[in-house]
Amino acid sequence: MQPEIMLRLDQDIKYLQGVGPQRADILGKELNIKTVGDLLEYFPYKYVDRTHFYRICEITGNMPYVQIVGEILSFETDGTGRKTRLIAHFSDGTGVVDLVWFQGAKYISQTYDCHRRYVVFGKPTIFKGRFQIAHPEIEKAPDDAGQIRYDAHQQSLFSSEDMDVDDMLLNAHLLASNTSAQQGNAPSVLSSPSLRPAYNTSDVMKKRGMNSSVVAKLTAKLLQMLDQPLPETLPPYIVERYHFPSRDEAMRGIHYPQSAEQLRRVQSRLKFEELFYVQMNILRYKRNRTSNSNGIRFEHVGEAFNSFFYHYLPFPLTGAQKRVIKEIRKDMGSGKQMNRLLQGDVGSGKTLVALMCALIAKDNACQTCIMAPTEILAEQHLDTLRGMLGDMPVRVELLTGSVKGKKRQAVLEGLLDGSVDILVGTHAVIEDNVLFQHLGLAIIDEQHRFGVEQRAKMWKKNVVPPHVLVMTATPIPRTLAMTLYGDLDVSVIDELPPGRKPIVTQHCFDAHRKSLNMAIRKQIDLGRQVYVVYPLIKESEKLDLKNLEDGYEQIREFFPDCKVSKVHGQMKSAEKDAEMQRFANGETQILVATTVIEVGVNVPNASVMVIENAERFGLSQLHQLRGRVGRGAEQSFCILVTNYKISQETRKRIQIMVDSTDGFEIAEQDLKLRGPGDLEGTAQSGMAFDLKVANLARDGMVLQAARDLAQEVLDNDPEEQNPANAILWRRLQELRKSNVYWGAIS
Ligand code: ADP
Ligand code: MG
């Protein structure tokens, strides 16, 4: 007879013992935990060794956590009204710490008694010369507390607040191998496991008393109630091939690992599994798309392309440009829809590639649409394209939010009657009322500003979907590209046009501004132009503006004979453009700006990029900004200005910029330093990056293995009929239903 299943994974979380409607509400709102299964998949973010105890006399000021055992000597209340604190003087015979509560004084003093033994866990701080632990975790000491282990070297275990598994493994010899707890039995909170889970909780949750240890109690309860082994989610042949622990062991072990060794094993399975299913989804989608979606076949290269190539090309193409154009041409001639990502560092000449592809489209009676992230950039593209095309009979038009009335009407009509060959614009081009006669190629510049959705909207602008070329100057680390753009083919321009000198990058402290200004003066005297960029934080535009205004005044003072332009986000677009234009024409020597100039703007005579408060920029952003100079043949400079007080991490980041001009390397380093969640582009990309266990910055090898396996499975079982894979297709289906971000890909 089947034993009764006490808890089902799809059950509402409120029915889990210890939850109830109120907590269920909070869990749902704060952590999106709605079912028992959701809680099961809410993994700890770190683990804390709870087998070791400190003596109070060993406590120092900079420990992230301590666990002590002792008794409360006495209670004391301090302050009045809302500022009342409850203090418990706690001692283990080697010293005294104060346990402090700012809330819940009544509950605490009723629950805990003097002269009984408790285990206390928390972060020690120093307040008025005394050690205290605010809002500690406190529990009755187990009966065998007499055998508590004090370990002489344990401090190294707590070396870092966000110690992760790798650090832990280094310390593995220090970990107690307490494996007596029975597999599958939920451990009592204090006794068995050596590593206790710590869960992220929100501020709202903490205020309502739902801290990490409350969540831990819930997961412990949950695992205890699940008396049936959790069903396997990978086919047995895969589990065997990689010697993975079972799904059941993995899911229990990730919450309550019995040892550091087990934790490592279950984590590696879960990481692999997570990435494997993401890759299955992407690769399957890619396969289905390429086999289903026919594209417009661009049969030939004709008059427009050739005439441009032989008579108008302003300079010989670089080898990389030639190669990339060939790749794209082949794609567009294949009869299948192209979906290609073109990566090329700032200044590598992507615009020219875009233009030549558009000319191929024209030769095949098709229109091209080029979408840029900002109006300035769209307008600059328009000028560049018109400039390069000269008197060729190719009609290029602009469509942005500022193109209105009759002008707009004319553009829209030209698109419909087919007389407009190339449309350049912003988001405005994907609006529903923008209709083309025969759109054959959609080029999206600086993809990281656009979401997958916008890409998809482009497809719908023609009966047969147009070819799509996504261009980005933010080099994307390989691991990220495999996940973010795993469904795209990739071309890379890995060569800069000849004659460019590498930009010299220097770190300059505020205090040395005088010599910085003198260096700028020298460049201006040589006839060059200078950018000075201020950071922009959306939350406090006023402050930003003040920074910029102050900087502007200082520059005016120091360079009274120079003309200075000023551009920021709060100016009207026409004003902004006029100022930019003055700088681009060489009427002004210095341009003081916020990051509005970040992408695309091209002023070859500018040779100095000064970035103020450089610590407030991401590496990719710094790299983008730096790419604004070094576009002519002159030696260019990028100066990163900070004050003396910067963090170790900032120092590292600035050093990376000083050492490298390679966008790919910088992107890799950025990913390592900041993690994928913060990386520019991921948030807006339409795919929330909520990988639960895997980390794209660190798990590149696992990702590659997972992708290879996914490809293998798809190749070996194209009809999806092999019974050995049945589990897998079912699981994929399940995941697609529950994961928003996978839905976004297709
Ligand atoms: P990005 O890839 O950043 O968009 P651009 O297309 O703006 O780069 O090109 C940067 C600069 O390099 C432009 O001034 C462009 O005219 C120039 N350029 C592009 N291709 C070549 C080439 N093959 N030889 C010389 N200069 C080139
Ligand atoms: Mg560009």
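Above this text sits the structure in question.
Predicted model, so just to flag it, every value in this text is computed and none were measured.

J.: Explain the site of ligand 1 residue by residue, including any values.
T.: The immediate surroundings of ligand 1 are formed by 17 residues, with Gln321, Gly347, Lys350, Thr351 and Arg500 found nearest. Contact distances for ligand 1 include 2.9 Å between a nitrogen atom and a backbone N or O atom of Pro316. Between an oxygen atom of ligand 1 and a side-chain N or O atom of Thr351, the distance comes to 2.6 Å. Burial of ligand 1 by the protein amounts to 84% of the accessible area it has alone, namely 560 Å². The greatest single-element share of the shell around ligand 1, amounting to three residues, is contributed by helix α12 (residues 350-363). Partitioning the shell around ligand 1 into residue classes produces six nonpolar, seven polar and four charged.

J.: How would you explain the sheet that holds strand β7 (residues 124-127) if you had to name every residue and give the values?
T.: Strand order in the open sheet formed by seven strands is β7-β8-β5-β4-β3-β6-β9, and the pairing between neighbours is mixed. Of all the strands in the sheet, the pair left with one neighbour each is β7 and β9 (137-140). Strand-to-strand twist in this sheet, taken as the mean axis angle between neighbours without regard to direction, amounts to 45°. Here strand β6 (residues 117-122) pairs with β9 via four bridges, running antiparallel. Note on β9: the bridge partner recorded for Val119 is Glu139.

J.: Requested: an account of the pairing of strand β3 (residues 66-78), with residues and values cited.
T.: Along a regular strand, successive side chains alternate from one face of the sheet to the other. Bridging between β3 and β6 involves six bridges; their strand directions are antiparallel. Its bridge partner lying in β6, Glu71 is registered against Arg117. Note that β3 and strand β4 (residues 85-91) share seven bridges and pair antiparallel. Each residue of the ladder has a partner; that of Asp78, found in β4, is Arg85. Linkage of β3 to β4, two consecutive antiparallel strands, is achieved through a turn of six residues, within which Gly79 is found at a positive phi near 80°.

J.: Could you give me a rundown of the nonpolar core, with the residues and numbers involved?
T.: Residues Phe276, Met280, Phe308, Ile422 and Leu423 are the most contacted members of the largest nonpolar core, which totals 98 residues. Top element by residues in this core is α12. It accounts for 10 residues. Counting the residues that make up this core, at least three belong to each of domain 1 (13-48 + 159-258) and domain 3 (259-499 + 698-746). Once you skip the residues sitting within four places of it in the chain, Met280 turns out to touch Ala710, Val713, Leu714, Leu728, Trp729 and Leu732. One finds Leu16, Leu27, Ala220 and Ile254 within the second-largest nonpolar core, a separate group that totals 38 residues.

J.: Lay out the environment of Glu76 with the relevant residues and their values.
T.: Following the sequence through the fold, Glu76 ends up in strand β3. Judged by relative accessible area, Glu76 falls into the partly exposed class, the value being 35%. Between the C-alpha atom of Glu76 and that of Asp98, which follows or precedes it by 22 residues, the distance is 10.0 Å. With near-sequence residues (within four places) excluded, Glu76 lies in contact with Arg85, Leu86, Ile87 and His89. A polar contact is formed between the side chain of Glu76 and the side chain of His89, at a distance of 2.8 Å.

J.: Go over helix α10 (residues 303-312), please, and point to the residues and values.
T.: Buried within α10 we find Ala304, Phe305, Ser307 and Phe308. Looking at the buried positions of α10, the neighbouring elements they touch are α11 (319-332), α12 and α13 (375-389).

Cut-offs and rules
Residues numbered from 1 in each chain as written. Chains lettered and ligands numbered in written order. Predicted model: local features only at pLDDT ≥ 70, side-chain atom pairs only at ≥ 80, totals over all residues. Heavy atoms only, no water. Near = heavy atom within 4 Å. Polar contact = N/O pair within 3.5 Å; in protein donor to acceptor, adjacent residues only side chain to side chain. Areas by Shrake-Rupley, 256 points an atom, 1.4 Å probe, with all protein chains shown as cover. Helix = DSSP H or I, 4+ residues; strand = E, 2+ residues; numbered from the N terminus. Nonpolar A, V, L, I, M, F, W, Y, C, P; charged D, E, K, R; others polar. Pairing = 2+ DSSP bridges. Axes fitted to C-alpha atoms, helices over the stretch in contact; angles between N-to-C directions. Core = buried A, V, L, I, M, F, W, Y, C linked by side-chain atoms within 4.5 Å. Buried < 20%, exposed > 50% of the residue type's maximum accessible area, 1.4 Å probe, protein only. Domains from an automatic or database assignment. Contact = heavy atoms within 4.5 Å.

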